[in-house]
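# Tertiary structure, described
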Amino acid sequence: MTPSFDQESAVLASCYSVESATSHVHGFHYCTTLGTGAQCPPLGLPASSADRSWPGNNRPEPKGEATSTIPEECERLFCDKLSTAFLGERAGVRQESLGIGAFQTIQPHLQGPGQDRVQRWIEVWDYAGDAIYRGFVTEMNGERTLFVFFEDGAIGHGLKSGLIALFELAGNEAFDCSQIVACAKRSQQINEMELVRSLGWCGFNLTTLDPWMLAGCPESSLSTKWLFLVAEV
């Protein structure tokens, strides 16, 4: 998944998206336009929208195992609460499609409250911050949200460049998300308020899964694995 560079732009981050319903793979690239004799500004520095964008929607990208590995790697990070809220009856159940090896991310007979509520699975390669972020897009009451997992070591490790790219991606018309939920890994080594402060500079505040839990669900909306923080895009 190595991006191509040309004389006019540099790819600073790439996103690979798998549609849940169809298993179609799409590639998006976060670029900075290079002026004559100018250097590419870092992701963390302000730039105009004309300088930075996610062009190249639907560019041909390596597919192959991406249709299965991206959803698998994302779902591996789910806790019980996330599985209940977004996978329903399908939680923990995966079925390989005969012939093409593509992953069936939703089964036709699962409808209503138990159906898969994940629209897209994503994997973002942040070349500037040397990090990979995984997550998914979901829609609730007409509002789309990008959930992103920050695993061990992600907080404070080139996080600023990755967050700026993620906000740009969420606001892209292909995703059209109005908010981002950061799933920060709970750790005995890291104080939770330290996590809140680390993400608070760009508008994140503590939240729960209440807005995404199905009506009448007896499950708690808190997770013992993840701390949830939300920010408007």
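Here the residue index of a chain counts from 1 through its sequence in written order. Reporting in this predicted model follows two pLDDT cut-offs: at least 70 for local features of residues, and 80 or more for side-chain atom pairs to be given and counted; totals over whole chains, interfaces and linings ignore these cut-offs and use all residues. The basis for every side-chain value is the complete set of non-hydrogen atoms in the structure, without hydrogens or water.

- For the protein, the name recorded in an unreviewed UniProt entry is Ornithine decarboxylase antizyme, with Penicillium capsulatum as its organism.
- For the record of the protein, the UniProt heading Sequence similarities (unreviewed entry) holds the text "Belongs to the ODC antizyme family." UniProt positions are given in the numbering used here, feature names are shortened, and annotations may be inferred rather than shown by experiment.

## So, the overall build of the protein
- On a plain count of helices and strands, the protein comes out with four helices and eleven strands.
- Exposed residues in this analysis have more than 50% of their type's maximum accessible area, buried residues have under 20%, and partly exposed residues fall in between, with area computed by a 1.4 Å probe over protein chains only. Burial status across the protein gives 46% buried among its 233 residues.
- By definition, residues are in contact when any of their heavy atoms lie within 4.5 Å. For the protein, long-range pairs separated by at least 24 residues make up 67% of all intrachain contacts whose partners lie at least 6 apart in sequence.
- Using the Shrake-Rupley algorithm and a 1.4 Å probe, accessible areas are obtained, with residue cover drawn only from the displayed protein chains. Counting only carbon and sulfur atoms, one obtains 50% of the accessible surface of the protein, whose full area is about 11500 Å². In this description a helix means any DSSP run of H or I spanning at least four residues, a strand means any run of E spanning at least two, and both kinds are numbered starting from the N terminus.

## What to know about the pattern of salt bridges
- Between Lys or Arg on one side and Asp or Glu on the other, a salt bridge is scored when a side-chain nitrogen of the former is within 4 Å of a carboxyl oxygen of the latter. In the structure shown here, the tally under the stated rule is three salt bridges.
- Among the ionic pairs, E73 bridges to R76, the shortest N-O distance being 3.3 Å.
- Relative accessible area serves as the criterion here: at 45%, R76 is assigned to the partly exposed category.
- The closest approach of N and O atoms between E123 and R134, which form a salt bridge, is 3.3 Å. Residue E123 is located in strand β6 (residues 118-126), and its partner R134 is located in strand β7 (residues 131-140); the two are separated by eleven residues in the primary sequence.
- Owing to a relative accessible area of 15%, R134 belongs among the buried residues under this scheme.

## Comments concerning the environment of C74
- Summarising the element assignment, C74 is placed in helix α1 (residues 66-75).
- In this structure C74 comes out as buried when scored by relative accessible area, which is 0%.
- With 62 residues separating them along the chain, C74 and F136 place their C-alpha atoms 7.6 Å apart.
- Once residues lying within four places of it in the same chain are set aside, the contact partners of C74 are W121, I122, R134, G135 and F149.

## Observations concerning the packing of aromatic side chains
- Note on aromatic pairs: the rings of Phe, Tyr and Trp (six-membered ring only in Trp) are paired at centre separations within 6.5 Å, and the planes decide the class, stacked below 30 degrees, edge-to-face beyond 60, tilted for the rest. Within the structure shown, the criterion is met by 13 aromatic pairs.
- Ring centres of F78 and W121 lie 5.8 Å apart, and the angle between their planes is 50 degrees; this geometry places the pair in the tilted category. Here F78 is found in the loop between α1 and α2 (80-86), whereas its partner W121 is found in strand β6, with 43 residues between them in sequence. Assigned by exposure class, F78 and W121 land together as buried.
- F78 sits in the buried class, given a relative accessible area of 9%.
- Ring-pair connections join several aromatic residues into one group, and the members of that group are F78, F86, W121, F136, F147, F149, W212 and W226.

## Here's the deal with the nonpolar core
- In this structure, Y133, L146, F150, L166, F175, I180 and F204 are the most contacted members of the largest nonpolar core, which totals 28 residues.
- Elements with a contribution of two residues or more to this core: β6, β7, β8 (143-150), α3 (159-171), β9 (179-185), α4 (192-200) and β11 (226-232).
- When residues of this core are assigned to their parent elements, the largest contribution, six residues, is made by α3.
- Within this scheme, the nonpolar core is defined by two criteria: the residues are buried Ala, Val, Leu, Ile, Met, Phe, Trp, Tyr or Cys, and they are joined through side-chain atoms within 4.5 Å. Ranked by size, the runner-up nonpolar core spans 27 residues in total, among them F147, F149, L209 and M213.

## Re unusual backbone geometry
- Located in the positive-phi region is N141, a residue other than glycine, with phi close to 55 degrees.
- Of note, N141 is situated in the loop between β7 and β8.

## Topic: α3
- Helix span, as expected, comes to 1.5 Å for every residue beyond the first. Under the 1.5 Å per step criterion, the end-to-end length of α3 is 18 Å for 13 residues, consistent within 8% with the ideal 18 Å.
- A large share of α3 lies buried, amounting to ten of its 13 residues.
- The complete set of buried residues in α3 reads L159, S161, G162, L163, I164, A165, L166, F167, L169 and A170.

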